[in-house]
Structures are given as structure tokens and as C-alpha cells.
Amino acid sequence: MILNKESVALMQKKASQYPRRKSGILPALTIAYRQVGHLNDQIYREIAKAINVPYVEVAEAATFYTMFPKQPTGKYLIQVCHNISCALLGADSLVEYLEQKLGIKKGETTKDNLFTLISVECLGSCATAPMMQINMDYYENLTRAKVDKILEELRAKA
Amino acid sequence: MSTSTTTQPAVKMVTLTINDQSVTVPKGTTVLQAALGAGIHIPTFCWHPKLKSVGACRICYVEIEKMPKLQVSCATEATDGMVVKTESDIVKRGRKAVLEFILANHPLDCPTCDKGGECDLQNLTFAHGLDDSRFDFLKRRHIVPGVPSTFDDLRIGPEIMLNRNRCILCYKCVRSNKEAFGEYDIGAFERGNAMEINAAPGEQVANPFSGNLVEICPVGALTNSDWRYKIRVWLTQTTPSIDIFNSSGSNILFYKEDHKNRIFRTISRRNDEIDDGWITDVARYGYQLVHSPDRLQKPLMKKGSKQVPVEWEEAVAFVARRLAEIDDTKGCVCIGGLASPTLDLDSLHSFSKFMRKVIGTNNLDFRIDYRSLPEKPDSAFSTLSSQPFTIAEIDTSDVIFVFGSDLVKEHPNEYLRIRKARNFGRPLVYSVNSFNVKSADVADREFIYAPGTEEVFINGLCLAAIEENPGLSGADGLKRKISPADLNSAAKTCGVSAEDLKALARTLINGKKISFIVGDQVSLSRDREVIAAALCNLNRLVGITSRGQMAALARYADSIGAEKLGLIPNPHPDVKRALTDLWGGFPEMAGYHTEGMFSQMLKGELDAMVILGANPVAMYPDHEAVAETFEKLDFLVVADLFETETTAMADVVLPLASWTEFAGRYVNLEGRIQKAERAIKPLYESKPAYAILADIAAAARKPLFSSAREREEEIEKVLACTTVRPWPGDYLDVRPPAIDKDPAYPIMLIIGDDPHHRCYVTEKAASLVKFCSDAYIELSPELAEKFKVEDGDAVRVESKYGKLMAPVKVSRVLEGDVVFLPRNFSVTRANSLVSRKARIDWVRINKVSG
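Computed from a predicted structure; not experimentally measured.

Draft legend 1. Spatial organisation of a negative patch on the surface. Judged by side-chain charge, B:Glu782, B:Glu785, B:Glu815 and B:Asp817 come together as a negatively charged surface patch. Tracing the backbone through its elements, the reader meets B:Glu785 in helix H26 (residues 781-786).

Draft legend 2. Looking closely at the packing of helix H12 (residues 454-468) of chain B against helix H14 (residues 487-494) of chain B. Residues and elements named next belong to chain B. It is at 9 Å that the axes of H12 and H14 come closest, and there the two elements cross at 150°. Put simply, H12 runs roughly antiparallel to H14. Judged by the twist between their axes, the crossing of H12 over H14 is left-handed. Each of Val 456, Phe 457, Gly 460, Leu 463, Ala 464 and Glu 467 in H12 lies in contact with H14, whose residues at this interface are Leu 487, Ala 490, Thr 493 and Cys 494.

Draft legend 3. Fine view of the environment of B:Leu693. Residue and element names in this part refer to chain B. Within the secondary structure, Leu 693 sits in helix H23 (residues 689-699). Through-space distance from the C-alpha of Leu 693 to that of Ser 350 is 6.7 Å; in sequence the pair is 343 residues apart. In this view, Leu 693 contacts Ser 347, Ser 350, Phe 351, Phe 354, Leu 612 and Leu 704; residues no more than four positions away in its chain are not counted.

Draft legend 4. Geometry of the domain arrangement of chain B. All names here are of chain B. Per the domain assignment, the segments making up chain B are domain 1 (18-102), domain 2 (133-291), domain 3 (332-369 + 558-719), domain 4 (395-552) and domain 5 (747-847). For domain 2 and domain 3, the distance between their C-alpha centres works out to 38 Å. Contacts between domain 2 and domain 3 engage 24 residues on the former and 21 residues on the latter. For the pair domain 2 and domain 3, the two sides together bury roughly 1900 Å², of which 63% comes from carbon and sulfur. Here domain 2 and domain 3 share 1 salt bridge between them. Between Glu 273 and Arg 672 there is a salt bridge, with its nearest N and O atoms 2.8 Å apart.

Draft legend 5. Up close: the side chain of B:Gln600. Positionally, B:Gln600 belongs in helix H20 (residues 594-603). Setting aside anything within four residues of it in sequence, one finds B:Gln600 in contact with B:Tyr592, B:Glu605 and B:Leu606.

Draft legend 6. Representation of the UniProt feature "domain: 4Fe-4S Mo/W bis-MGD-type" (unreviewed entry) in chain B within the structure. Under the UniProt annotation, "domain: 4Fe-4S Mo/W bis-MGD-type" (unreviewed entry) lies at residues 236-294 of chain B. Structurally, residues 236-294 of chain B comprises 8% helix and 34% strand, and the distance from its first C-alpha atom to its last is 25 Å.

Draft legend 7. Structural context of empty space enclosed by the protein. All names here are of chain B. Applying the stated criterion to the full structure yields 8 cavities of 30 Å³ or more. Size it by volume and the largest cavity reaches roughly 600 Å³. As for the largest cavity, its lining consists of 33 residues, of which Arg 371, Gln 521, Leu 524, Ile 751 and Asp 841 are closest to the centre. Sort the elements by how many residues they give to the lining of the largest cavity and strand S28 (residues 747-752) lands first, with 5 residues. Residues of the lining of the largest cavity, tallied by class, amount to 15 nonpolar, 5 polar and 13 charged. Estimates place the volume of the second largest cavity at around 380 Å³. Broken down by class, the residue content of the lining of the second largest cavity amounts to 18 nonpolar, 5 polar and 6 charged.

Draft legend 8. Region of interest: the packing of aromatic side chains. Residues and elements named next belong to chain B. This model, assessed by the stated rule, comprises 25 aromatic pairs over all chains. With a centroid separation of 5.9 Å and 75° between ring planes, the pair formed by Phe 318 and Phe 635 is classed as edge-to-face. Taken as a pair, Phe 318 in helix H7 (residues 312-330) and Phe 635 in strand S24 (residues 635-640) lie far apart in primary sequence, 317 residues in all. When the ring of Tyr 449 is compared with that of Phe 457, the centres are 5.9 Å apart and the planes differ by 35°; the resulting orientation is tilted. For the pair shown, Tyr 449 and Phe 457 are each scored as buried. Members of the aromatic cluster, joined through ring pairs, are Phe 401, Phe 403, Tyr 430, Phe 447, Tyr 449, Phe 457 and Phe 516.

Draft legend 9. Local environment of the pairing of strand S32 (residues 818-822) of chain B. Residues and elements named next belong to chain B. Within S32, 5 of the 5 residues are buried, which leaves it mostly tucked inside the rest of the structure. Alternating residues of S32 divide into Val 818, Phe 820 and Pro 822 and Val 819 and Leu 821, and every residue in both groups is buried. When S28 meets S32, the two strands line up parallel, connected through 5 bridges. Opposite Gly 752, over in S32, you have Pro 822 as the bridge partner. Both strand S29 (residues 777-779) and S32 contribute to a ladder of 2 bridges, which runs antiparallel. In the sheet register, Glu 778 faces S32, and the bridge partner there is Phe 820.

Draft legend 10. Broad picture of the interface of chain B and chain A. Taken together, the contacts link 13 residues of chain B with 12 residues of chain A. Of the roughly 1100 Å² buried where chain B meets chain A, counting both sides, 55% is carbon and sulfur surface. The largest contributions to the chain B side of the interface with chain A come from B:Tyr184, B:Arg191 and B:Pro201, which together make up 49% of the buried area. Put simply, chain B and chain A have 3 salt bridges between them. A salt bridge links B:Lys178 to A:Glu60; the nearest nitrogen and oxygen atoms lie 2.6 Å apart.

The rules behind each value
Residues numbered from 1 in each chain as written. Chains lettered and ligands numbered in written order. Predicted model: local features only at pLDDT ≥ 70, side-chain atom pairs only at ≥ 80, totals over all residues. Heavy atoms only, no water. Patch = residues over 30% accessible without salt bridge, like charges linked within 9 Å, V, L, I, M, F, W, Y side chains within 5 Å. Areas by Shrake-Rupley, 256 points an atom, 1.4 Å probe, with all protein chains shown as cover. Salt bridge = Lys/Arg side-chain N within 4 Å of Asp/Glu carboxyl O. Lys, Arg positive; Asp, Glu negative; His and termini not counted. Charge placed at Lys NZ, Arg CZ, Asp CG, Glu CD. Helix = DSSP H or I, 4+ residues; strand = E, 2+ residues; numbered from the N terminus. Axes fitted to C-alpha atoms, helices over the stretch in contact; angles between N-to-C directions. Parallel < 35°, antiparallel > 145°, perpendicular 65-115°, else oblique. Left-handed = near helix turned anticlockwise from the far one by under 90°. Contact = heavy atoms within 4.5 Å. Domains from an automatic or database assignment. Buried area = accessible area lost by both parts, 1.4 Å probe. UniProt positions renumbered as here; feature names shortened; annotations may be inferred. 1 Å grid on protein atoms, 1.4 Å probe; cavity = no way out; pocket = protein on both sides within 12 Å on 5 of 7 lines; lining within 4 Å. Points joined across faces, edges and corners; volume = space filled by probe spheres on them. Nonpolar A, V, L, I, M, F, W, Y, C, P; charged D, E, K, R; others polar. Phe/Tyr/Trp six-rings, centres within 6.5 Å; stacked < 30°, edge-to-face > 60°. Buried < 20%, exposed > 50% of the residue type's maximum accessible area, 1.4 Å probe, protein only. Pairing = 2+ DSSP bridges.

Below you can see the structure in the form of C-alpha cells.
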């Protein structure tokens, strides 16, 4: 079992709140992601069993949502928005800067397993573009200086 | 045939205009269905008549007045006064645009695609004259990693190939799998441009209905590996036939090539009254056994200790001579016969006449695997099994009660019906059985009664009904005849609580239209008479058949035909009279049924057997006893498609033609007579059973029929008799017999068909073997944990009568102390574990170490 007892209990509680069990799949995926940091077939099976839904429907929902990483990531998953508002305000150069700074290419993880860098579709924060999400937190109105500071703080925390 | 006393609420009708034609349809009908009903064709990809509409493909665009844009007709409800145009310029432009979008990614590989010639997309593209694309970027391409081919050929199931590049994402396969079959082994993954249909990660598409997914694919994305690249569709001819592996008789179509005398595939020939266009994989791939290299090619005769091939004339003359000798020396009472209930009407009637008129014996039966057979003609079970049942009535039933049946294995078409009733209506469905079954997934509730307590459960239902409604007539009379006579002790014995019994009784009392299906747990039970008596009481008390239908469903393609033609020693009096009139006589001896013939054989009082298409040595309960019985015979003649355990003991083995090789008629479980046309010429030297019997009769100088016409007329006359037996005029005694249980054998064994096999012949069909090639012990996760076994581990199953070894399959449905063993494999003979005398087959299991 990859999922711990707390996660399973929480999934079951969430699933029981909906008129249709199937609706519990998305909360369950989020709970699993928060515990494990990524998702895979084994986790889909465990979710299916925990909330008694077909395995294939868990897999369908999970793969539909690109926001769930399907491979292990570094401790911090940096998701830079590359949609229109952020792109106009320099998301591309921000990604380049991060690549340079971290010494990795987009889609890769640093050797110390601390950072994984990806770019994602709109995160719904166009007013504060350019922006990125690291794990569950938003970092907005980014500049190179801000990025330096954020990375430093995260390194210090790790 | 059922008489429904309820009046359907009047359906509101709406009238609309389609292409200047006025069309009136019930409210709730879609524009698409209204048009199709009026004979107006609208192209579709994602729509299927038996599934809910989703409007995914957009090709069914129509123009509707006062609506600003084109509408998808499959998801637009027809309303009064609507004016619809299906062939206007704007509609054509819309369709063309949809096609252009679909073709943006669809490869133009029609010459190498197996769907070419019967592809909806190809036909539509051709019809709309689209010859160029405005998209100049590269098409989306899925490439299987490591496969050095530009084709994205992915095997997603034992018989299914997937080409994701050709897929137009109509979701019809995924939807039908989930909606119509209740299976979850195929899905739609990722999204947007990356979206793809595929098998569930790490799994195979191998459900018992999986072949249908290929059939309904509108493009060449899903193809059968049994058909693809063998022949192009326009080089084939088609022959209508029926599925003889099931008692409902789904309608099918064979694709064959006359010059090659070969069948290439089977597809469904939709009959809404029987199959809704869905056929099981057994029906789809079962034809392959016809072309199996193991087919018997020539008659075999035992010379010395070996069976050697001989010419037909020699074999027939020998059979006629030996039967005459035994008749002369011992009398015709010493000759018996068994015919398979999967044979056609002509063969069955010829068999009846051959045994009764030519030989003069009344020892004949068609019940080849039933464990208990009553002596009396007016048995409770005969009443129950002769009741009319109409498959399509399930659709409109508001209470569906499945009693003692593993539906997916026994009656797959009816399972799909119930599923459809659930999808489109709100019936209450109950599954009641002694073990958990897959088909309970359509049930509102599943009830499990204790092993061997069917009649106690039904008594409990009766008692609960009386408590719920003391006004029911004859309640006191009933209570005197049954034991236990109080609800609580009945509930305690059968293990279903009094509250649940009362709730069930209430639904039966209040149901407006009931479909009550009785399955193999009753039909094959040693004590089926008692259970049937309890069910007769329930019907008398609650009046199920006055508001619907209730029957023990027939299990084989022509069981009802055999029953109606009187292929039992003691047929229905009307049938007996008809036969006597036709033949100017009827054997005076009482005659023995299957079970009786076997005991006579064991005693040495029955010396010769004629067996047509049956394999009792492998299929009848208690393998050892049956084998010993057959060894006592002086003379055994067996006609079959293959060499079997039974033909191995025969003096003469005759090659039988399969149902594809001659035109035959079969009576399905509803009593519907259906014809399977001849698709190919008989292979090798095989002959249909009726021809074999005619040859033997001619050799004995007692011709069976003067012409085929005479044979048909006789059959018409016998079939004209009604064989429905009336319900008993009073309550019947129901005293549950004791259940023997030895603590050394704590686990209940269930023997039945694997979902991909039927009886003993389907292991000769290559595709079906790909789904399941060997016997297995399916056991509950609890038992797996208890014995520390996983999938594939070998276990020994042992009963008082025999033991065998098989690999484990941990079940997804079974719970508790129960194991399932398929009876379809010759190397693992399930019938060696069971006795004819036991009600429940108790076993114990051990893990085989190493």
C-alpha cells in the first residue's frame, strides 16, 4: 500500500459526501497527490478500492488532469504559467532564467532532488502575471530578483 | 406472452416536419430517431440506438428552423411544430466541416486498413467529395515505442487490436463497455490533442462482450485479430444464422467465402426482441470450432482395440446390424439414446422417431447434464420451466427478480437487457443467489442465502408476504404445507433477515410488472422439485404471473424444442397423442430418462446407447461413475464434431456436421423458432444428425421419412401442441431435505461455464482459448488470504469423490467460503469432483507447495 490510513479515511469521508460515489474520485486524487507527491497506476488501484469505483475511471480522471504529476518530482514542483498573459509579460524568459539558475532543462529535476521545473497552462491569475505555482502556493508578479529570493528561501527551508 | 393488467400511461405524441415530410413520434424521441423511423438517413459515428446520446462526433448535424446554428440531431429532442432539414446546403457544409476536422488527424491509410469497404468514415468522406485538407501541419501520431512500424498496432485484448491514429474519439466503445456491459477494462485517457482510447493501464480488454466494441467502431481503430488481413469484406458473402451457444438465440451473420468453403467472422444481426445487437464473444468466435483441425473427418470403427477410419457405408451398416442384433437378443428395452439440446429440430425429431419407431424403445432424453430428473410427468419443475417468458418484456418490468442464476454465464443476453432496463428506466432489481455473482452489479440489492436453502428462502418470502398482507388468500393452507412455518426461523435458516424478506415480499406484492428469472442453482439442484414447489406456492400466493412472467429459463439453444418435440420418456400428454397419431403407435414401455438409463447400464440391463452431440462422460456429474457405467455397454455409437471422452469409449464414432453446415431450426427460451441458414458445405465427411439417422434407418430397411417435407410436416404438427403446464391447483408441500455437510469439506464448489466458453466444444475455438485456455479455481479474496495463495498458484481441490489440481484466480466478485471451477476443459474434468446424490458439492482446498 502506498496510501496511508489517514489518506484512505479522508478519501472515504469525502466520497461519502456526494450523491454519486464517482464524484469522490477528484478529491481522492488530490488527497493522494498531497500525500505522495505524484500519482501512478498503483495509486489509482488503491483509490478505486478505497472508494469503490472502477479502476479505469480513476485512471481516466487522473490522466485528464495534467496538473497531477505522474512521475516522482523534486521536493518543489515549479510550475510556470505559459499562457497568454504570462507569456506577454515574459514567462518564456522566466523559464529560461530558471533553467539557467537551476542548471536543468524544462521537465527535469535537479540532482539534489529539490526542484522540478515545468511550464503549465493558465493558472487563473492573469492579473498578477507573470506567475508560477510551487507545490500548492502561488508566487506572483515575478521578476528575476523575486525568483532568486524565492529559490533561496526554499533552499534554506529544505 | 405475459398478460400485463396495468395500462401504460398514455404517451404524448409530437408532430414535426422533416424534409417536408410530416412525422409523428412519442414525446422524448430525438430528431435523429424520428428521422430514422421515417426512413430518412442521417449519418452518425458516436450514436448507438441502445446507448444514451452524447453528441461527441457532430456528424449528425441538421438544420432546425428558428435555431440559430446547426443542431446535433442525436441529442435534440423532437418537439411539436419543429421544421427540420437534413440535406440542405448548410447541413452539407456542416458535415463537410466536421469531416475535415476528423480527417485533420485521421490517416488516409484506407488501402491497408481492414475496415476499408465497410467504414462509415470512408463512405461519408467519399459521399461528400472531400479530396483535400486545408490543414498543412503534421497529423497527430501515436507510435508504439519499440515497435518498428508506422502502424500504431496495439494489442489491447486477446482478440482486439487498437490503432489510436485512426480513432476519431467517438467514445462508442468506452460508453457501450460501461453502459451496456458494465465492464471497466477500456477507457479514454489524457485530454485534448493527446487524448486516446486504450485498455485500462496494465489490463486487457477481455470481457465476455468485448467483440462488440470492434463491431460498433465506426472506423478502423478497433479490429478483431481473428478477421483482420484475412480477406477483404467485399470478397465475402453473408449468411444469416443464430447463436447456438445460448438459449436466447442471438441473431448473427456469418461472413464466408464460398470458393474457400470457409467462415471468416461473425457479427450481430440485430434483433431488438432478443439481443439488441449485442452478442457474446462465445457467439462471435464460436464459429472457429467448425474449422478446427481436430474435427472428426471420417467415421471411426473399433477394430480390435483401436478405432480406425472407415467409409460411411460400412459404419452405417454395422450400426444398423448391431442395433438389430441387440434388439433381437435382448429386446429394444435394452437400447437407449441421448441427444444434445443444441441440435436442430429436424435432428431432434428424427432422433425421437428413430428411437421410438425404428428401434421401438422409449429410453431417450435430451437432458445431458441435469442432476435430478423426476419420474412424474406433472412435476413442479416442469411447470416452472414450461412457463412462457419473453425477453423483451424485461425492458418494461418494474420489478426484476433473478433467483439462483449467475446471469453473465448462464443468460448473458438477459443480463444486458436488465442492464438496459436500469439505464433507461427505474426498475427494482434483485439478485438472490447462494454465492456472489457479477450480474448483481445491476441489482439494487444482492441477497445471499445459505447454501442449499433455496426453498427455505422462498418459504420465507411467502411467510413475509403473509405478514405484510394477511389478506392474501389461502395463507393458512400454505402455512400447513411448508416448514419452517414461521418467518423468523425461515429467516434464520436461509440467512436473509426477516426484515429483508418482508421488503422483498412487499416489492413482489406491489410490483406492477414482474420478471422473475430462475437459474441454474435451481434447475441443476438435486432438490429442484422441492424448490420449484416452493416457487409454485409463491406464485399462487402473490400472483406473480398475473402481473408478469416467471420461469426457469432453458439453458441450451434448442432445449425448448427438445421439450416440445417430446424427447423425454414421458412427454406432455398432447405431444404424446400427436406422436401416436403421426406414427400410428408409441412405445408402450415407460422408458428411462438420462439418470435412469445410467443406472440400467450399470446394472447391465441396458446394452446399447446412441448418443448425438453429447459428452456425458465429461459433463454428467460424477465422472468416475459415468465412465464405469459406459464401460458396461455392449455397443456405443456416438456422433460428434470432435473426439471426446465419450467417443473414446465408442464402438462407432460418426462425424457430425456443425450448425453452420446445414440449414436448421432452433427454438429459443421464449419458444421462438429461428432458422440458422447453411453457411458452408459440410466439412470433410461430416453429416447432420438427421441425415445420419436417416441413413441408419434406411440400412435397417425401416426408412424414417419418405421426404424432407414429411419430416417438416410432422415437426409442425408436434410443435403445434401447447406444452405450457398449468400451475398446480393448490399449495404444494415444501419440506426442506437435510443438507449433508462434512466439516472436513467446508467449502462450497460451484461448477459452470467460463464466461468465454460453453460446454465441452468451445475449447476448439482458437480465439476463445486466447481468453481462457485452462481451468482455474476462482476463489474469494478471503480464501486466498487464508490459504496464502495468489493468482496462478496451484491448489488441490478435493471432494469425497475425487480431486484435481488447478491454478488459482482470485475473484473480484466471490465472497466467503465458495470456489468456482469451469467445466469446459478436457484436461481438468470438473465433473470428477461431484456426486449425483449431493445437494451441495462440498470440497476442501490445499495449496500445492513448490
